[in-house]
Amino acid sequence: MGAIVAHLGPNGTYAEAAALAYTKWLHQKTGQECCLRPYPSIAQSIRAAAEGQAHLAVVPVENSLEGSVTMTLDTLWQLDGLQIRHALVLPIVHALLSCAEKLTDIRTVYSHPQALAQCQGWLSQFLPWVQVVPTNSTTEAIENLEQEKTAGAISSQRAAQLYNVPILAGAINDNPDNCTRFWVLSLKSVSEAFNFGENQASHSHTSLAFSVPANMPGALAKPLLVFANRNINLSRIESRPTKRSLGEYIFFIDIEADANEPFVQAAIAELAAYTETLKIFGSYSILPI
Ligand SMILES: O=C(O)C(=O)C[C@]1(C(=O)O)C=C[C@@H](O)C=C1
């Protein structure tokens, strides 16, 4: 049976490119067949995996220029039961797609907010007069181009080929080394039924998030010392609002250690004493893609 893999659509998004890279790796490693299924938003693709409509979801989590994809972090925090199976990092090269003949004809630029932000320097240098309009994905932005000859969309070269739209400018991201990290998510029960190629000896990273019981001195220092005292390196820390009241945060942390190791289990047990709600999103490795 093929595994259904949810991703942000319509076809041609970077999330789909990440899902394709992951399913190719998985097929080579385990022979597992997969079938990709696009969803209109990142949140809906995560919910599809959480509610069992899809076996996996491949979602962007962090970009080298713009930082966290907040919709992914917020949705993961709200839902229960999802685990991170793998991470993968893709280079992101944006192009300006348009049916206009030249840059000076462009009046509106559509794209996903992350992509718009990753090209803000280029936009202010070459198209300072345009109206910038956010869309749910870089490929949703392409829908407007045929009717609106003065519109452009920031998307990938692959999407330009897929939708047969001309590229007016290539490699427009503000840093040539632009890249985005994606997570592969699934319910725990799904990985018991499928072979997701995870039976390697150890995982390089564990991701977790917690809220703290009160805004007081040491509220964050105590949880962080749990890792520092055991020589466990943090590779990332990010805060998001709890959405309850101003100044209350959820902290998302990635550590460079496997939660199956006894010393990491001891750290997590101690961490629970200093946190209000603690969610462990699992241990995983970064795929060599
Ligand atoms: O809109 C897309 O094509 C996506 O896959 C989303 C997304 C993101 O949310 O970060 C993925 C990678 C790039 O960083 C830009 C956009």
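Residues numbered from 1 in each chain as written. Predicted model: local features only at pLDDT ≥ 70, side-chain atom pairs only at ≥ 80, totals over all residues. Heavy atoms only, no water.

Quick word on the UniProt feature "domain: Prephenate dehydratase" (unreviewed entry) in the protein chain
Here the UniProt-annotated "domain: Prephenate dehydratase" (unreviewed entry) positions come out as residues 4-187. Overall, residues 4-187 shows 30% helix and 33% strand. The separation of its end C-alpha atoms is 13 Å. (UniProt positions renumbered as here; feature names shortened; annotations may be inferred. Helix = DSSP H or I, 4+ residues; strand = E, 2+ residues; numbered from the N terminus.)

Let's talk about the packing of helix H8 (residues 221-228) against helix H9 (residues 262-274)
A packed helix pair is summarised by two numbers, namely the angle formed by the two axes and the spacing between the axes. Across the interface, H8 lies against H9 with an axial gap of 9 Å and an inter-helix angle of 170 degrees. As summarised for this structure, H8 and H9 are arranged roughly antiparallel, according to the angle between their axes. Facing H8, whose interface residues are Lys222, Pro223, Val226 and Phe227, H9 presents Ala267, Glu270, Leu271 and Tyr274. Within the contact of H8 with H9, the residues separate by chemical class into 6 nonpolar, no polar and 2 charged. (Axes fitted to C-alpha atoms, helices over the stretch in contact; angles between N-to-C directions. Parallel < 35°, antiparallel > 145°, perpendicular 65-115°, else oblique. Contact = heavy atoms within 4.5 Å. Nonpolar A, V, L, I, M, F, W, Y, C, P; charged D, E, K, R; others polar.)

Regarding the site of the ligand
By nearness alone, 15 residues border the ligand, and Tyr14, Ala15, Gln118, Thr138 and Thr180 come closest of all. A distance of 3.0 Å is found between an oxygen atom of the ligand and a backbone nitrogen or oxygen belonging to tyrosine 14. With respect to the ligand, the side chain of histidine 112 contributes an N or O atom lying 3.5 Å from an oxygen atom. For the ligand, the accessible surface in isolation is 360 Å², of which the surrounding protein chains cover 100%. Structurally, the ligand is housed in the largest cavity. Where the shell around the ligand is concerned, the elements lending two or more residues are helix H1 (14-30), strand E3 (56-63) and helix H4 (113-118). Class assignment for the residues of the shell around the ligand results in 7 nonpolar, 8 polar and no charged. (Near = heavy atom within 4 Å. Polar contact = N/O pair within 3.5 Å; in protein donor to acceptor, adjacent residues only side chain to side chain. Areas by Shrake-Rupley, 256 points an atom, 1.4 Å probe, with all protein chains shown as cover. 1 Å grid on protein atoms, 1.4 Å probe; cavity = no way out; pocket = protein on both sides within 12 Å on 5 of 7 lines; lining within 4 Å. Sits in = over half its atoms within 2 Å of the grid points.)

Side note on the pattern of salt bridges
Taken as a whole, this structure holds 12 salt bridges when the rule is applied. Of the charged contacts in the structure, one is a salt bridge between glutamate 276 and arginine 244, with a shortest N-O distance of 3.4 Å. Pair noted here: glutamate 276 is in the loop between H9 and strand E15 (278-286) and arginine 244 is in the loop between strand E13 (234-241) and strand E14 (249-255), with a separation of 32 residues, a long-range link. The network of salt bridges with shared partners includes Glu62, Arg181, Arg236 and Asp254. (Salt bridge = Lys/Arg side-chain N within 4 Å of Asp/Glu carboxyl O.)

Let's talk about the state of the cysteines
Defined simply, a disulfide is a covalent bond joining two cysteines at their sulfur atoms. If you walk through the whole model with that rule in mind, you get 0 disulfides. For the unlinked cysteine cysteine 34, the closest cysteine sulfur is that of cysteine 35, found at 8.4 Å. With relative accessibility at 23%, the residue cysteine 34 sits in the partly exposed group. No disulfide involves cysteine 179; its sulfur sits 14 Å from the nearest other cysteine sulfur, which is in cysteine 119. (Disulfide = S-S within 2.5 Å. Buried < 20%, exposed > 50% of the residue type's maximum accessible area, 1.4 Å probe, protein only.)

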